[in-house]
Amino acid sequence: MNFDAAVISAVTGHMNDDHVDDSLLIAKAFGYPEATASTMVGLDERAGMWRVTDAQGEHDLRVEWPTAPITDRPQVRRQVVELYKAACAKLGVPAREEHQPAGGHEHGSHGGANPHGANPHAHGANPHAAEPEADGPKPFSRVIRESSWSDHSSSEGANFMEDIMRGVATKQDYIDLVIQHFFMYEALEEASQQLAADPAYAALHPAALVRLGTLEVDLEHLLGANWRDEITPVPASAEYAARIREVAAEGWLPGIVAHHYTRYLGDLSGGQIIAKRVARQHGFDGAGIEFYNFESLGDLKAFKETYRDGLDSLGESLSADEQQRMIEEVRVAYGFNTAVFVDLAKQKAAA
């Protein structure tokens, strides 16, 4: 089976944010003993993929899962844990307990899979009532992430984004994705002005996060000065934008945050891998991939930590019903995201 691009992005983003040392151990144990850096870039039913750097340059590393093939996301976590343990054994390094995150972070398990199996927060459940932490309820940012795991399933459009992330898609595929981003972010950043104007939410949407101007730069580079006359949304993108505007018209700020979180945290994680692959494949430097350039935001990992802290504070201010309503909107956003990939795959097939 093929894993949905959202799953791949979530898993690689989590590994590259919170388990950098683990990826480096895997690289050293399974092919590049002198590796100095290792970034997880993909996965499929039989293996995980890393981009490894050593003194000789960059290399692609594919490491088979210990018990391949795998068929669902919870298995990803278990297989990454087993690879990590095998790497430790091979290198003579003591392994952490399976449940202990690297570096003391509390951002979920290896690969982002739900360690408790079925989603305990679906449809009407109190998100803080399920599986509380030993020292109190789970942070709301973690509840949101875990509650949307079941929505990162495989889809008929998965190959479209997989090809882009692996650097084997066509230039037109990438252009088509950038076009859809424009329609999404046009709606999202209109809505996000409400966040920037409210002191309780403003830290989630600093000016350096805004992407619409960078998309305009990219589209002019990719399509020319008349790019606005050449772009149209696929049906799912139009529906996605309409939903964001509907939430904004209601003035429901947690709902805006649900869409904001779903898009921007992906841009800051898996999106950085996309940028590197596309730049290498198509020779972009600046214009063309400016959308993924967050240099003015500063340390991306630090910003994501601040963002998650903001989500935790927001969760504390919401009732259980309002928390659940926001979680459901995150799931709606993931649904639209997948639907866009499906529509792009259909558009490509019909071309």
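Calculation criteria
- Residues numbered from 1 in each chain as written.
- Predicted model: local features only at pLDDT ≥ 70, side-chain atom pairs only at ≥ 80, totals over all residues.
- Heavy atoms only, no water.
- pLDDT = per-residue confidence, 0-100.
- Contact = heavy atoms within 4.5 Å.
- Axes fitted to C-alpha atoms, helices over the stretch in contact; angles between N-to-C directions.
- Helix = DSSP H or I, 4+ residues; strand = E, 2+ residues; numbered from the N terminus.
- Parallel < 35°, antiparallel > 145°, perpendicular 65-115°, else oblique.
- Nonpolar A, V, L, I, M, F, W, Y, C, P; charged D, E, K, R; others polar.
- Salt bridge = Lys/Arg side-chain N within 4 Å of Asp/Glu carboxyl O.
- Buried < 20%, exposed > 50% of the residue type's maximum accessible area, 1.4 Å probe, protein only.
- Core = buried A, V, L, I, M, F, W, Y, C linked by side-chain atoms within 4.5 Å.
- Left-handed = near helix turned anticlockwise from the far one by under 90°.
- Pairing = 2+ DSSP bridges.
- Phe/Tyr/Trp six-rings, centres within 6.5 Å; stacked < 30°, edge-to-face > 60°.
- Lys NZ or Arg CZ within 6 Å of the ring centre and 35° of its normal.

What about the confidence of the model for the chain?
In step 1: Here the chain averages 84 in pLDDT, while 85% of its residues score no lower than 70.
In step 2: This model gives residues 98-134 a pLDDT under 50, and the stretch forms 92 contacts once residues within four places in sequence are excluded.

Here's the deal with the packing of helix α4 (residues 140-147) against helix α12 (residues 300-317)
In step 1: Packing of α4 against α12 leaves a shortest axis separation of 7 Å and a crossing angle of 95 degrees. Taken together, the axes of α4 and α12 are roughly perpendicular relative to one another. Contacts between α4 and α12 involve F140, S141 and I144 on the former and, on the latter, R308, L311, D312 and G315.
In step 2: Broken down by class, the residue content of the contact of α4 with α12 amounts to 3 nonpolar, 2 polar and 2 charged.

Some remarks on unusual backbone geometry
In step 1: Put simply, A68 and P69 share a cis peptide bond, and its omega is 0 degrees.
In step 2: For P69, the location among the structural elements is in the loop between β3 (57-64) and α3 (73-91).

Considering the pattern of salt bridges
In step 1: Using the criterion set out here, one finds 15 salt bridges in the structure.
In step 2: For R325, the salt bridge identified is with E250, shortest N-O distance 2.7 Å. Note that R325 is positioned in helix α13 (residues 320-350) and E250 in helix α9 (residues 235-250), a separation of 75 residues in sequence.
In step 3: The partly exposed category is assigned to R325, whose relative accessible area is 34%.
In step 4: For E250, a relative accessible area of 49% puts it in the partly exposed group.
In step 5: Overlapping salt bridges, with partners in common, bring together R51, E58, D60, R277 and R280 in one network.

Re the nonpolar core
In step 1: Among the nonpolar cores identified, the biggest contains 95 residues, and M161, V257 and M326 are the most heavily contacted of them.
In step 2: In this structure M161 touches A5, L177, I274 and F341, once residues within four positions along its chain are discounted.

Notes on the packing of helix α6 (residues 171-191) against helix α10 (residues 253-268)
In step 1: Contact geometry for α6 and α10: axes closest at 10 Å, N-to-C directions at 130 degrees. By the angle between their directions, the pair α6 and α10 is classed as oblique. For the pair α6 and α10, the sense of crossing is left-handed. Residue-level inspection shows H181, M184, Y185, L188, E189 and A191 of α6 in contact with α10, the latter providing I256, H259, H260, R263, Y264 and D267.
In step 2: Class assignment for the residues of the contact of α6 with α10 results in 6 nonpolar, 3 polar and 3 charged.

Thoughts on the sheet that holds β3
In step 1: Taken in spatial order, the 3 strands make up an open sheet running β1-β2-β3, and their pairing is antiparallel. A strand with exactly one partner marks an edge of an open sheet, and here the two such strands are β1 (37-43) and β3. Here the average twist between neighbouring strands, direction ignored, is 25 degrees.
In step 2: Bridging between strand β2 (residues 47-54) and β3 involves 8 bridges; their strand directions are antiparallel. By the bridge assignment, G48 is partnered in β3 with V63.
In step 3: Here helix α2 (residues 20-29) sits on the sheet in contact with β1, β2 and β3, set at roughly 90 degrees to β1.

What about α2?
In an α-helix there are 3.6 residues to a turn, and that puts residues three or four apart on one side.
In step 1: In terms of burial, α2 is largely enclosed, as 7 of its 10 residues are buried.
In step 2: Within α2, the full set of buried residues consists of D22, S23, L24, L25, I26, A27 and A29.
In step 3: For α2, the secondary structure elements touched by its buried residues are α1 (5-18), β1, β2, β3 and α3.
In step 4: The first or second residue beyond α2 is G31, which carries a positive phi of 150 degrees.

Observations concerning the packing of aromatic side chains
In step 1: All told, the structure shown has 8 aromatic pairs when counted by the stated rule.
In step 2: Ring centres of Y240 and F336 lie 5.4 Å apart, and the angle between their planes is 10 degrees; on these two criteria the pair is classed as stacked. In this pair, Y240 sits in helix α9 while F336 sits in helix α13, placing the two residues 96 residues apart along the sequence.
In step 3: Taking relative accessible area as the criterion, Y240 reaches 0% and is therefore assigned buried.
In step 4: Residue class for F336 comes out buried when judged on its relative accessible area of 16%.
In step 5: Ring centres of F291 and Y292 lie 4.8 Å apart, and the angle between their planes is 80 degrees; this geometry places the pair in the edge-to-face category. Of the two residues, F291 and Y292, both sit in the buried class.
In step 6: When the ring centre of F294 is taken as reference, the NZ or CZ atom of R211 above it lies at 3.9 Å.
In step 7: Looking at R325, its charged tip hangs above the ring of W252, at a distance of 3.6 Å from the centre.

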